[in-house]
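Here's the letter readout for the chains.
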Amino acid sequence: MKDDTFQSPLTGRSIELLQATNDAAAVFQRSAHSETAVFRAYQEQMAALKLRGGLSFLNDSGDTLTVRVVNYSGRIGQILKRFESLVGLSTENFSFNVNDVDVYRKVIETRQTQYIPDSSVVIVQMLPPRLAPYLNRLVTTFGMHPGIYAPLIDPDGRVRGVLNMVDPHLTAQDVPALTAFANQIAVALDNARLFEEIRRYADELERRVAVRTQELAAANERLTELDELKSQLISNVSHELRTPITTLELYLDLFKHGNSEKRDHYLKIIEEQSHRLKTLVEDILDLSRLEAGRDKLQFGPVQLNDVVEQIVTMQQARAEAKGLELRFIADERLPVIQGIRSQLVQVITNLVVNSISYTESGYVQASVQLNEDDRRIDLCVIDTGKGIDSADLPYIFDRFYRGKDNKQGHIPGTGLGLAIVKEIVEIHSGEIVVNSELGRGTTFHILLPVTQER
Ligand SMILES: Nc1ncnc2c1ncn2[C@@H]1O[C@H](COP(=O)(O)OP(=O)(O)OP(=O)(O)O)[C@@H](O)[C@H]1O
Ligand SMILES: [Mg+2]
């Protein structure tokens, strides 16, 4: 007789588990964007399956398992919580050696799901010896129940951890269903890991793009600024060049066709004007050189005591011609600094020459001094000259600025000296401080760092 009643090898409970596992796949798929979401989905599924258990993960060296999520609720959960506070261990962060616990070692070695009829042995092997006094209590709480232990194998074939379930109704027939459940979790966790990696990568990319965009914007702004400066410079320069050239032309004409008795006078003016033209062109070249070559400039050791002294000696004749005393005060403690000697010469020369030019009586004093904090050198030029009107002070470092009234008409100059000073002091990461009182005198401090940060 033909027997056509189909006998399933699975129990009803197992079919229910398989069905639930299948449902879980969809849940895990949706929650695969973060590990926490996968864990949450796992908790929900375990609750739906009315199963107790946890997830533990292998460390990098593969010898320690750490419990990351558990879903012991109800009475067992309460007992566990009390136990946790009692012994100071947390079930959600508990680590144990893989080799101490037979069933876990077997799962990892064989990569096969294991079924054991009595899981109390697991608790005994898992807990550190110091917890022996609590063992009985725990074993009666958890033990004597069957347990299923399934490997979490990611798509690369690596065992990442173990899913464990303890339940009075589990049988060996539930192994396939719960293996499938573990696989769903493993894939979901791997997806979450990949997802997180991609997101981190995307964040990093986004951050880099933002930084780069900002840099480009700043560079662009600087270019626009430079462009404006350049056109402004060109218009200023052509204006400034035109003045001496016109004067030159006029006096050359007078020299040729004018009063022949005044020829010496004309010649003197022609000489003055051509000298003015020459310094003007030199200053303009200096400035554009300074602007162009900022980063290519060579720093070297400079002893400012020597530099200032030399300049003071060189300018002595100029001061004497105006009846001014020109003096220098050195600082023996002064360290050698890193700087560009030729540029620093220009700074000091411009300041000293200004002081001599704009002082009618009294003295001009140059000094160098190490500041109290030993971190900056104060290069100071003081004069007892005509001073600078407070209305002019904000502009004296502008190119071609010679004061709002331009009263020093008889003092030759183009208004580039301090612009050059400012440029050089910036290159040396220094700072300029000016104090001036109209009719009494002016003090310039150039503060230079002892160690240059470039
Ligand atoms: N020590 C000082 N005392 C009074 N006024 C000063 C002093 N130093 C600078 N100034 C004022 O600042 C202006 C700008 O100085 P700056 O050295 O840049 O140009 P300049 O001396 O006019 O010409 P040059 O480019 O030939 O040096 C001067 O024209 C002057 O009005
Ligand atoms: Mg000057």
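Residues numbered from 1 in each chain as written. Chains lettered and ligands numbered in written order. Predicted model: local features only at pLDDT ≥ 70, side-chain atom pairs only at ≥ 80, totals over all residues.

### Overview of the overall build of the chain
Stated precisely, the cut-off is as follows: Think of it this way: any DSSP run of H or I at least four residues long counts as a helix, any run of E at least two long counts as a strand, and we number them from the N terminus. Only the C-alpha atoms count toward the radius of gyration. The rule for a globule is 2.2 Å times the residue count to the power 0.38. Put simply, a residue is buried when 20 or more other C-beta atoms lie within 10 Å of its own C-beta and exposed when 12 or fewer do; between those, it is partly exposed, and each C-beta is set from the backbone. Distance between backbone-placed C-beta atoms decides contact: two residues are in contact if it is within 7 Å.
Broken down by element type, the chain carries eleven helices and 13 strands. Compactness check: the chain gives a C-alpha radius of gyration of 44 Å against a globular reference of 22 Å for 454 residues, more than 25% above the reference. Principal-axis analysis of the C-alpha atoms gives the chain an extent of 150 × 55 × 35 Å. When each of the 454 residues of the chain is scored for burial, the buried share is 27%. Residue pairs in contact within the chain that sit at least 24 positions apart in sequence constitute 67% of those at least 6 positions apart.

### Concerning unusual backbone geometry
The residue lysine 50 is not glycine, and still its phi comes out positive at about 55°. On the secondary structure map, lysine 50 appears in the loop between α2 (35-49) and β1 (52-58). Residue lysine 50 is classed as exposed on the basis of its C-beta count, with 10 C-beta atoms lying within 10 Å. You will see that phenylalanine 400, though not glycine, has its phi angle at about 70°, which is positive.

### What to know about the pairing of strand β10 (residues 363-370)
Keep this limit in mind: Should DSSP find at least two bridges between two strands, the strands are taken to pair.
Of the pairings in the sheet, the one linking strand β8 (residues 325-329) to β10 comprises five bridges and is parallel in character. Each bridged residue has a counterpart across the sheet, and for phenylalanine 328 the counterpart in β10 is alanine 366. Judged from the seven bridges that link them, β10 and strand β11 (residues 376-383) form a sheet pairing that is antiparallel. Bridge pairing links serine 367 to cysteine 380 in β11.

### Description of the site of ligand 1
Under the convention used in this document: Here, nearness means that the C-beta atom of a residue, built from backbone geometry, sits within 6 Å of the molecule or strand in question. When residues are grouped by polarity, Ala, Val, Leu, Ile, Met, Phe, Trp, Tyr, Cys and Pro land in nonpolar, Asp, Glu, Lys and Arg in charged, and all others, Gly among them, in polar.
Around ligand 1, a shell composed of 23 residues is seen, among which Asn354, Tyr358, Gly413, Gly417 and Leu418 lie nearest. Secondary structure elements with two or more residues in the shell around ligand 1: α10 (341-357) and α11 (417-427). In terms of residue class, the shell around ligand 1 is built from seven nonpolar, twelve polar and four charged.

### Here we look at the domain arrangement of the chain
The criterion, for reference: Domain start and stop positions are those given by an automatic or database domain assignment.
For the chain, the assigned domains are domain 1 (12-199) and domain 2 (298-454). Taking only C-alpha atoms into account, the centre of domain 1 sits 79 Å from that of domain 2.

### A closer look at α10
Here is the rule: An expected span of 1.5 Å times one less than the residue number is assigned to each helix.
Under the 1.5 Å per step criterion, the end-to-end length of α10 is 24 Å for 17 residues, consistent within 8% with the ideal 24 Å. Of the residues making up α10, those classed as buried are Gln343, Leu344, Gln346, Val347, Ile348, Asn350, Leu351, Val352, Asn354, Ser355 and Ile356.

### Quick word on the pairing of β11
Burial along β11 is one-sided: the face carrying Ile377, Leu379, Val381 and Asp383 is buried and the face carrying Arg376, Asp378, Cys380 and Ile382 is not. In this structure, β11 lies alongside strand β13 (residues 441-449), joined through eight bridges in antiparallel fashion. Looking across to β13, one finds that leucine 379 is bridged to isoleucine 446.

### Digging into the packing of helix α8 (residues 263-292) against α11
Our working definition: In this description, a line fitted to the C-alpha atoms serves as the axis of each element, helices being fitted only across the stretch in contact, and the angle between N-to-C directions of two axes falls anywhere from 0 to 180 degrees. In these notes the angle categories are as follows: under 35 degrees is roughly parallel, over 145 is roughly antiparallel, 65 to 115 is roughly perpendicular, and the rest is oblique. Should the near helix be turned counterclockwise from the far one by less than a right angle, the crossing is left-handed, whereas a clockwise turn marks it as right-handed.
Close contact between α8 and α11 brings their axes to 10 Å; oriented N to C, the two are set at 20°. Our classification of the angle between α8 and α11 gives roughly parallel. Considering how the two elements wind past one another, α8 and α11 form a crossing that is left-handed. For the pair α8 and α11, contact is made by Asp283, Asp286, Leu287 and Leu290 and by Ala419, Ile420, Glu423 and Ile424, respectively. Residue composition of the contact of α8 with α11, by class: five nonpolar, no polar and three charged.

### Quick look at the sheet that holds β10
Across the sheet, which stays open at both edges, the five strands sit in the order β8-β10-β11-β13-β12 with mixed pairing between neighbours. Of all strands in the sheet, those with a lone pairing partner are β8 and β12 (431-437), marking the two edges. Going from strand to strand, the sheet's axes swing by 10° on average, the running direction of each strand aside.

### Description of the environment of alanine 330
You can see alanine 330 is positioned in the loop between β8 and β9 (337-339). Taking the C-alpha atoms as reference, alanine 330 lies 10.0 Å from leucine 379; in sequence the two are 49 residues apart. For alanine 330, the residues in contact, after removing those within four places along its chain, are Asn305, Glu309 and Val368.

### Brief notes about helix α9 (residues 304-321)
Note the cut-off: Note that bend, as reported per residue, equals the angle between axes fitted to the 7 residues terminating at that residue and the 7 residues originating from it.
With 18 residues, α9 ought to run about 26 Å at 1.5 Å a step, and its terminal C-alpha atoms sit 26 Å apart, in line with that. When the local axis directions of α9 are compared, the greatest deviation, roughly 45°, occurs at glutamine 315. Every buried residue belonging to α9 is among Leu304, Val307, Val308, Ile311, Val312, Gln315 and Ala319, and all of these are buried. Those residues of α9 that are buried lie in contact with β7 (300-302), β8, β9, α10, β10 and β11. Two residues or fewer after α9 comes glycine 323, characterised by a positive phi angle close to 70°.

### Focus: the sheet that holds strand β2 (residues 64-70)
In spatial order, the strands read β3-β2-β1-β6-β5-β4; together these six strands make up an open sheet with antiparallel pairing. The sheet is open, and its two borders are formed by β3 (95-97) and β4 (114-116), each paired with just one other strand. Sheet twist, expressed as the mean angle between neighbouring strand axes with direction ignored, is 25°. The pairing of β1 with strand β6 (residues 159-166) spans six bridges and is classified as antiparallel. Across the sheet, the residue bridging to phenylalanine 57 is glycine 161, located in β6. On top of the sheet, helix α7 (residues 175-257) reaches β4, β5 (147-153) and β6; it is set at about 35° to β5, its chief contact.

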